[in-house]
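# Structural features, examined
Each chain is listed here by its residues.
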Amino acid sequence: MVTTVEVRRDGSYEAIDYADFSITNGVSDTLVAPEATVTTQAREPISANQDIRITIDGTVRFEGTTESSGTKQANGQVRLRCEHPTAALFEESVTFTESGPPSDLGVLQAALDNSTRGGNFSLDYAGTATALDSDYDADSRNLKTVFRDMMDRTGRVWW
């Protein structure tokens, strides 16, 4: 297994030395967006909000940004916490009404469509949409709440 950890510097990705990494892909009820940690050497210049990606066997498995310049550990290494761009998306507030009666798929898509960051993401919905019993109103609700509400109503999870 070949793994590379890269950060964006001067407009392109550059591999960095790392000792360890982990990627956590959550589901709707525990973690709304993937996150990663990377342990690197103190000599690696890393800053907050720096683009980072982890590639395993030629496939990008995590892409996001560093939360800070890292936390120095007792052994001299630095631990970086990284978040996926959807973390900010799911904290965004949206206002919309879906009527008709709507479906869970329609509500999820409307939530994305009414967010300022949603245009950078697409909804990949597996299965058949579930019709809701009544109109759905979201008045300054964060996207995470809308998505969790739809999962609760339909007995599904998202990832």
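Summarised in this report is the structure supplied together with it. If you're wondering where the values come from, they're calculated on a predicted model, not measured in any experiment. (Residues numbered from 1 in each chain as written. Predicted model: local features only at pLDDT ≥ 70, side-chain atom pairs only at ≥ 80, totals over all residues. Heavy atoms only, no water.)

### Examining the environment of leucine 80
With respect to the helices and strands, leucine 80 occurs in strand S8 (residues 77-83). A residue is classified by how much of its surface remains accessible, and leucine 80, at 0% relative accessible area, is buried. Between the alpha carbons of leucine 80 and valine 38 there is a distance of 5.1 Å; along the sequence they are 42 residues apart. Not counting chain neighbours up to four residues away, the residues in contact with leucine 80 comprise Ala36, Thr37, Val38, Thr40, Ile46, Ile52, Ser68, Ser69 and Gly70. (Helix = DSSP H or I, 4+ residues; strand = E, 2+ residues; numbered from the N terminus. Buried < 20%, exposed > 50% of the residue type's maximum accessible area, 1.4 Å probe, protein only. Contact = heavy atoms within 4.5 Å.)

### Some points on the pattern of salt bridges
Evaluated as defined, the whole model comprises eleven salt bridges. Between lysine 144 and glutamate 91 there is a salt bridge; the shortest N-O distance is 2.8 Å. Separated by 53 residues along the polypeptide, lysine 144 in helix H3 (residues 143-154) and glutamate 91 in helix H1 (residues 86-91) bring together distant segments of the chain. Note on lysine 144: relative accessible area 19%, which makes it buried. Residue classification places glutamate 91 among the partly exposed residues on the basis of a relative accessible area of 43%. Salt bridges sharing common partners tie together Arg9, Glu14 and Glu44. (Salt bridge = Lys/Arg side-chain N within 4 Å of Asp/Glu carboxyl O.)

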